[in-house]
Each structure stands twice: as structure tokens, then as C-alpha cells.
Amino acid sequence: MTHGLPLAICVAIVIGTVVAALAFARLRSARVTTMDEWAVGGRRFGAWIFWFVNAGEIYTTFAVLGISGYAWAFGAPAYLAFTSVSLACALGYWLMPQIWRAGKRYGLVTQADFFSLHYRAPWLGVIVGIAGIAALIVYVQIQLTALTLVFRLTLGSALGAPQAAVLAAVAMLAFVYLAGLRSAAFAAGVKDVLMIALVVMLSVTVADKVGASSMLDVFRRTQELHPGIGRLPGLQPEAGLSNTWLVTAALNVALGTWIFPHMFQLCFSARNANTIRRNAIWQPLYSLSYFFILLLGFAALLAGTQPEDGNLNAVLLQFVADRYPPWAVGLLAGTVCLLALVPGSILLLAAASIFGRNVVLPMRPQLGDVAQVWVARAAMVVFAAIAVWLTLTSNESLVAVGLSAYAAIGMLAPGVFLGFLWQRANAAGVLAGLVAGYCTLLLPAGKAAAAALFPEWDSGLVAMGVNALVVVLVSAASPASQRSTSVDTAHSGT
Amino acid sequence: MSRSNRHRWLLLAPFAWQVALAPLVNDVVAQPFGLPFPMVWQMLGILVTTACIAIVYRIDRRDASSDDSA
């Protein structure tokens with residue numbers, strides 16, 4: 001696919017959006033000179049902007065390329081997508097206002113701020129900051145993988161994967177350097193509208209492309225051709241994507257969603273707690289659109305789509321390239337670029353602000369606000385480079401990479417939840433829990449034990465359970481004088 | 001948030017629907033509109049979630065007209 005048209009459309013979409021986003025940001029806000037403005041939008045986001053940034057974070061390439069690929073390769077396990085947003089919102093309705101309140105009260109900018117202030121342990125902020133950055137980099141890897149695929153689709157496979165990945169990282173850095181969260185909010189809005197239009201457009205014509213009579217007929221035929229695709233464990237029972245897997249993975253995703261530093265931080269950018277609550281009502285509905293993503297995955301299966309090297313992340317791109325006109329390919333490529341660039345830039349932004357504030361600042365307290373922003377910007381290059389390296393060394397599905405990012409960030413969940421729910425939880429407990437959780441997740445012995453005791457469980461949920469248990473045990477065993485501050489629990493309406 | 005928060009338990013209903021009951025509906029062979037039943041179930045779960053959160057929000061707003069204006 002080296003026609004000029006898809007490339008031209010793709011570039012036009014990306015550049016057009018960036019320019020419009022910049023204009024929008026200039027229009028809306030003064031110069032970005034403080035960390036507060038750059039990273040949390042000055043805490044002034046109303047319902048609309050908040051919705052779009054939020055949706056922008058939830059509906060990423062993980063959803064579009066990852067889930068369609070999962071539907072194509074496995075079938076029913078792709079239903080995980082239907083649970084991810086709704087459960088996160090049900091939980092977020094309670095959790096996000098707590099986070100927002102803590103943020104408002106202490107003037108928090110990052111998640112690590114929360115840990116160091118709530119647990120009165122600046123060292124814990126440093127450790128949590130680094131842990132958060134690690135999980136964010138894995139998440140950036142997802143976006144870079146997607147961008148790499150799009151670049152190779154539009155520019156031709158002559159472009160090697162390493163070059164494409166580097167190009168993708170450069171594009172992402174360029175995007176984020178131009179401005180902070182405010183322009184990302186606008187770009188997120190554009191990409192959501194584009195994505196819906198595109199997905200609907202592809203879906204309306206999909207039946208025709210694969211010889212079915214209607215959208216529903218695509219599902220009917222796929223089930224006739226592949227009995228068992230519609231129920232777990234799907235097409236490849238040996239992959240272990242069973243009921244147990246769906247239940248545990250869905251829980252782990254729900255528990256981890258707001259723990260991602262950028263999502264945690266996003267709570268601070270809302271104007272008030274009510275903005276957040278109202279958002280939680282409508283956000284799940286948006287995830288009904290995964291119906292179309294599954295439809296496209298099933299249609300690709302019917303059409304016999306074979307992506308290069310059997311790479312399931314490339315199924316949707318390959319299917320559209322095979323069956324749709326070049327302009328549709330360009331539209332898809334441009335949309336996927338935005339789908340990767342917008343969240344990717346927000347992820348890098350969050351990682352960088354944590355690094356500047358919570359890792360560097362404790363060591364160099366005399367650093368000014370402007371200098372902090374510059375340190376953060378430099379750190380982003382390093383993080384992007386690590387993500388490029390991860391992208392090139394992994395050939396897993398985007399869903400698998402996504403779940404490992406959730407597993408990584410889930411390590412911080414006990415510290416957040418227990419922080420709000422249990423006044424005795426303390427810094428030593430949180431640290432011990434982190435260590436135990438990482439051992440379960442990363443050490444070969446820990447992994448083996450978890451897999452033997454909890455077969456087919458999402459490994460992240462098992463590690464989170466171990467982590468939480470250790471936090472409780474250690475906190476309960478420590479003297480009561482080490483108690484955390486209790487300010488931001490229950491009664492605090494402001 | 002001084003008044004009863006019992007209605008907040010409703011926020012667990014989506015978990016019951018989409019997680020706890022998911023294994024039970026996995027074996028249902030019916031195909032509403034030609035779609036696999038477990039898929040329809042999960043999509044309905046999204047509607048259930050929005051309904052539950054909306055109800056909780058309503059009650060919260062009614063209760064909190066005095067405090068929480070932030």
C-alpha cells in the first residue's frame with residue numbers, strides 16, 4: 001500500500017488537527033509557564049473538555065487495533081472491551097472525587113505527590129513516581145506499536161520497523177512539546193469524532209465487502225463458520241482465555257484504570273467533583289461502540305484477512321487496505337495516528353511531570369517552576385527512547401501489552417484504595433506491598449507460584465491481591481503512631 | 001456526604017452483571033439478533049452501568065443540595 005492518497009490524507013488529518021489544537025490552546029489559555037498549567041490544565045476543565053480528555057485516554061489504539069485483532073484471533077475474549085469502561089466508571093464514581101478532593105486540598109499535581117503527602121513519606125513519593133513512570137512507558141509502547149504499523153502501511157514496508165518506531169516517537173514528542181494538556185483535549189475531541197465517523201462508515205459497508213447481507217449477518221456467518229467463537233474461551237482454548245481469565249482481567253483493568261498516573265492526574269484537572277461524577281454516567285455508553293470494532297474483527301475473519309507475519313495488531317489495517325478504497329485507508333491511518341499520538345503525548349506528559357516533581361525536585365529543591373518544566377521535557381526524550389526499545393523487542397498483541405501495563409500499575413492500587421478506606425495503612429506497609437507485588441509479578445518463582453495456585457487468572461490481579469494483603473499485614477503490625485494523615489477520607493465536602 | 005451512603009452500593013451492580021454473572025451466561029446458546037448471547041449480555045451491562053450510576057447521581061444530588069457545591 002504505497003499509493004500517495006492514503007499518505008496524503010493521513011498527513012493532512014494529523015497536521016490539520018495539530019494546527020487547530022494549537023490555535024485552540026492559544027485562544028483558551030495564557031502562556032504555559034507553570035507545572036500546574038502544563039500538567040493539570042490549571043484545574044479548570046469543565047464537563048466537555050473533561051469528557052474528551054477522558055474519552056481520549058480510554059479509547060486508544062488498544063481499543064481499536066488491539067480489540068479488533070483479538071476478535072479476529074480469539075473471538076469472545078474481545079468482550080473484555082465491553083467491561084473495561086463501564087466497570088472503571090462505576091468504581092470511578094466513588095474513587096475519582098476522592099482523588100480530586102485530595103488534589104484540591106494539597107494542591108497535588110501528580111500521583112506521587114499524593115503518596116508522599118498522604119503517607120507523609122517523601123521517599124515513598126520517589127518510589128511510587130518511578131513505578132508509575134515504568135507503567136506509563138509500557139503504555140506508551142502500545143501507542144508506538146500502533147504508530148509503527150500505520151507508518152509502515154502508509155509509507156510502505158520498505159520502511160524498517162526500527163525507523164518507523166523512531167519516527168513514531170519523534171512525532172509523539174513533537175506533538176507534546178508544542179503544548180500541554182489543553183491542546184491534547186482538543187485533539188482528543190477531533191480524534192473521537194473522526195473515529196466514530198470512520199468506524200460507522202467502515203461498518204455500514206462491511207457486510208458488502210465480505211459477502212454478507214447485513215451487519216448482523218456478519219456475526220451469524222462468523223458463528224456458523226467458527227462455532228464457539230461467540231463464547232469463552234473462544235477460538236483458541238489453549239490460549240487460556242477462559243471465563244476465569246475474563247473475570248479476573250476485567251477486575252484488574254477496572255481497579256487499575258484510575259491508578260494510572262495520567263488518569264489519577266486527570267481527576268485533578270476537573271473543575272469540580274460534580275464534573276467528574278456526571279462524566280461517569282455517560283462515559284460507559286461510549287464503549288458500546290466496541291460493537292463495531294468487534295464487527296470489523298469478525299468481518300476480517302470472514303474475509304480471510306491475513307496480516308503480515310500473522311500480527312494480530314495489524315488485522316484491521318490489513319483488512320481495510322485489502323477491501324476498502326485508498327481514501328478510507330488514509331482516513332483510518334490518520335485516525336489511528338491521532339488515536340496513538342493524543343494518549344501517547346498525555347502519557348509522556350504525565351511521566352515527565354512525575355519525573356520533574358517527584359524524582360528530581362526532592363534532590364534539587366531549589367529548582368524553579370520553569371526549570372522543572374524543562375527537566376520534564378528532557379526526560380520525555382529518554383522515556384520515549386525506552387518505549388521505542390520496548391516496541392522493537394516485543395511482538396505481543398496490544399491487548400497483552402495493555403494487560404501487562406495494567407498489571408504494572410496495579411501495584412500502586414492498594415496504596416491508593418487503602419489510603420482512602422483504611423486510616424491505618426502506612427508508608428512502610430505500602431512499600432512492603434509493592435515489593436511483594438513486584439516479586440509475584442516479575443520473579444520467575446513468583447510467576448510460577450501464581451500460575452500454579454491461580455491457573456488462568458490475570459497475573460496482575462493475583463499480584464495486586466498479594467500486594468494488598470502485605471500492605472494490610474504490615475500496616476496492622478506497625479505501631480499506631482505511624483498512621484497516615486486521615487484528612488481526605490470520608491467527610492470532606494469543601 | 002453526611003447522609004446515608006447506602007445507595008452507593010448500587011455501584012456494585014455493574015460488577016455483578018458484567019463480572020460475576022459472565023461465566024453463567026457464557027453457556028446460553030440463544031442468539032438474539034444473531035449475536036452471541038454473552039456479547040449481548042456485556043452490551044446490556046453497559047446500559048445497566050449507566051442506569052445505576054445515573055440513579056446514584058440523582059440520589060447524591062438530592063441529598064447533597066446543602067453541601068458539596070465545590
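Computed from a predicted model, the values in this text were never measured in an experiment. (Residues numbered from 1 in each chain as written. Chains lettered and ligands numbered in written order. Predicted model: local features only at pLDDT ≥ 70, side-chain atom pairs only at ≥ 80, totals over all residues. Heavy atoms only, no water.)

### A word on helix α22 (residues 459-477) of chain A
Residues and elements named next belong to chain A. If you check α22, its first and last C-alpha atoms are 27 Å apart, about what 19 residues at 1.5 Å a residue would give, namely 27 Å. Of the residues making up α22, those classed as buried are Gly 460, Leu 461, Val 462, Ala 463, Met 464, Asn 467, Val 471 and Ser 475. Of the surrounding secondary structure, the elements contacted by the buried residues of α22 are α11 (243-257), α18 (398-410), α19 (413-421), α20 (427-442) and α21 (444-453). With a side-chain oxygen lying 3.1 Å from the backbone nitrogen of Gly 460, the N-terminal cap of α22 falls on Asp 458. (Helix = DSSP H or I, 4+ residues; strand = E, 2+ residues; numbered from the N terminus. Expected span 1.5 Å × (residues − 1). Buried < 20%, exposed > 50% of the residue type's maximum accessible area, 1.4 Å probe, protein only. Contact = heavy atoms within 4.5 Å. Polar contact = N/O pair within 3.5 Å; in protein donor to acceptor, adjacent residues only side chain to side chain.)

### Concerning the interface of chain B and chain A
In this complex, chain B contributes 32 residues to the contact, which on the side of chain A involves 41 residues. Buried surface at the junction of chain B and chain A, both sides included, amounts to about 3400 Å², of which 68% is carbon and sulfur. For the pair chain B and chain A, the interface holds one salt bridge. Notably, a salt bridge pairs Arg231(A) with Asp27(B), separated by 2.4 Å at the nearest N-O pair. Scanning the region where chain B abuts chain A turns up eleven residue pairs in polar contact (both at pLDDT 80 or more). (Buried area = accessible area lost by both parts, 1.4 Å probe. Salt bridge = Lys/Arg side-chain N within 4 Å of Asp/Glu carboxyl O.)

### Focus: the pattern of salt bridges
Residues and elements named next belong to chain A. By the definition in use, this model includes seven salt bridges over all chains. In this structure, Arg 357 engages Asp 113 in a salt bridge whose closest nitrogen and oxygen atoms are separated by 2.8 Å. Placement of the pair is Arg 357 in helix α16 (residues 326-360) and Asp 113 in helix α6 (residues 111-118), with a sequence separation of 244 residues. Assessed through its relative accessible area of 22%, Arg 357 is described here as partly exposed. Residue Asp 113 is classed as buried on the basis of its relative accessible area of 4%. Lys 191 is the salt-bridge partner of Asp 192, the closest N and O atoms lying 3.0 Å from each other. No difference in accessibility class separates Asp 192 from Lys 191, as the two residues are buried. Several salt bridges share partner residues, and in doing so they unite Asp 217, Arg 220 and Arg 221 into one network.

Geometric descriptors of this kind do not, in isolation, establish any biological role.
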